[in-house]
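These are the residues of each chain, in order.
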Amino acid sequence: MHSLTNTTDSLITLGQRFHKQGWVPATSGNFSVRLDNGDIAITRSGRHKGNLNQEDFIHLDGIGNTLDEGVPSAETELHLALYRSFAGIGCVLHTHSPNAAIISNRAKGAIEISGYELLKAFDGITTHETCITIPVFDNDQNIPRLSGQVNEWLGHESTPIAYLIRAHGLYIWGKDVASAERHIEAIEYLFSCELYASHSP
């Protein structure tokens, strides 16, 4: 799907853009891509996404073994769960935007969004007359346990779009970097609309 250098260059640019938007403050968030040979490149643990360089990515094989020295993101297993479940996923983005933190913290369960024209920004959706469901998982420092809950959900979904971790952030993905970028811009717009509507008279 991707060569290493070209893809990490794209993620470096995304990190700069997302940091300016306030979506990856401090050292929060993590990005990954699936490479042509099935390996994964993911941001290293504790790296500031607004200041990424080529050395801030670590190379993993398809089952998650590190092929470089260093420590990958603490949430690597959540990325791998998506790649294992869906061969068409080529990029996973995890961000900590204010919209994602607030809307997930207020939700009693899954978030449903319908009727907006921008729903057509997601791959496979061709009309605004649709409804997407985004589950909210409770935050958990035990990543294997959280990953187990996510895996169970993925096992019942044919075309999942994204999920939220309560008061934490968003996981979203796409067939490649450009698709994942489009999806995150669309979901952030939709979160803004839903939050604004909840406070409108």
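## With respect to the environment of Ser 104
And then number 1: Within the element layout of this structure, Ser 104 appears in helix α3 (residues 98–106).
And then number 2: Excluding anything up to four places from it in sequence, Ser 104 contacts Val 136, Leu 164, Ile 165, Arg 166, Ala 167 and His 168.
And then number 3: Within polar-contact distance, the side chain of Ser 104 engages the backbone oxygen of Ala 100 at 2.7 Å.

## Quick look at the nonpolar core
And then number 1: Among the nonpolar cores identified, the biggest contains 39 residues, and Leu 93, Phe 122 and Ile 187 are the most heavily contacted of them.
And then number 2: If you look at the next biggest cluster of nonpolar residues, it comprises 22 residues, including Val 92, Tyr 163, Tyr 171 and Trp 173.

## Some remarks on the sheet that holds strand β2 (residues 40–43)
And then number 1: Strand order in the open sheet formed by seven strands is β3-β2-β1-β4-β9-β8-β7, and the pairing between neighbours is mixed. Taken across any chain shown, the strands that pair with only one partner, and hence form the sheet edges, are β3 (57–60) and β7 (136–137).
And then number 2: Running at roughly 75° to strand β8 (residues 162–165), α3 makes contact with β7, β8 and β9 (169–174) of the sheet.

## Quick look at the packing of α3 against helix α5 (residues 177–198)
And then number 1: Across the interface, α3 lies against α5 with an axial gap of 10 Å and an inter-helix angle of 55°. By the criterion of interaxial angle, the relationship of α3 to α5 is oblique. Seen from above, α3 lies across α5 with left-handed handedness. In this structure, α3 uses Asn 99, Ala 100, Ile 102, Ile 103 and Arg 106 to contact α5, whose residues at the interface are Glu 188, Phe 191, Ser 192, Glu 194, Leu 195 and Ser 198.
And then number 2: Partitioned by chemical class, the residues of the contact of α3 with α5 number five nonpolar, three polar and three charged.

## Description of the pairing of β2
And then number 1: Of the two faces of β2, the one lined by Ile 40 and Ile 42 and the one lined by Ala 41 and Thr 43 are each fully buried.
And then number 2: Bridge count between strand β1 (residues 30–34) and β2: three bridges; the pairing is antiparallel. Within the sheet, the bridge partner assigned to Val 33 lies in β2 and is Ala 41.
And then number 3: Sheet analysis places β2 next to β3, joined by four bridges and oriented antiparallel. In the sheet register, Ile 42 faces β3, and the bridge partner there is Ile 58.

## Quick look at the pattern of salt bridges
And then number 1: Following the criterion strictly, the structure yields eight salt bridges and no others.
And then number 2: Ionic pairing is found between Arg 84 and Glu 77, a salt bridge with its closest N-O pair at 2.6 Å.
And then number 3: With relative accessibility at 46%, the residue Arg 84 sits in the partly exposed group.
And then number 4: Note that Glu 117 and Lys 120 form a salt bridge whose closest N and O atoms lie 2.6 Å from each other.
And then number 5: On the basis of relative accessible area, Lys 120 is assigned to the partly exposed category, the value being 38%.
And then number 6: Connected through shared salt-bridge partners, Arg 17, Glu 181 and Glu 185 make up one network.

## Considerations on the packing of helix α2 (residues 76–85) against helix α4 (residues 143–154)
And then number 1: Running from amino to carboxyl end, α2 crosses α4 at an angle of 25°, the nearest separation of the two axes being 9 Å. Between α2 and α4, the crossing angle belongs to the class labelled roughly parallel. Like other packed secondary-structure pairs, α2 and α4 cross with a definite hand, here right-handed. Contacts from Glu 77, Leu 78, Ala 81, Leu 82 and Ser 85 of α2 reach α4 at Ile 143, Leu 146, Ser 147, Val 150, Asn 151 and Leu 154.
And then number 2: The residue makeup of the contact of α2 with α4, split by class, is seven nonpolar, three polar and one charged.

Definitions and cut-offs
Residues numbered from 1 in each chain as written. Predicted model: local features only at pLDDT ≥ 70, side-chain atom pairs only at ≥ 80, totals over all residues. Heavy atoms only, no water. Helix = DSSP H or I, 4+ residues; strand = E, 2+ residues; numbered from the N terminus. Contact = heavy atoms within 4.5 Å. Polar contact = N/O pair within 3.5 Å; in protein donor to acceptor, adjacent residues only side chain to side chain. Core = buried A, V, L, I, M, F, W, Y, C linked by side-chain atoms within 4.5 Å. Buried < 20%, exposed > 50% of the residue type's maximum accessible area, 1.4 Å probe, protein only. Pairing = 2+ DSSP bridges. Axes fitted to C-alpha atoms, helices over the stretch in contact; angles between N-to-C directions. Parallel < 35°, antiparallel > 145°, perpendicular 65-115°, else oblique. Left-handed = near helix turned anticlockwise from the far one by under 90°. Nonpolar A, V, L, I, M, F, W, Y, C, P; charged D, E, K, R; others polar. Salt bridge = Lys/Arg side-chain N within 4 Å of Asp/Glu carboxyl O.

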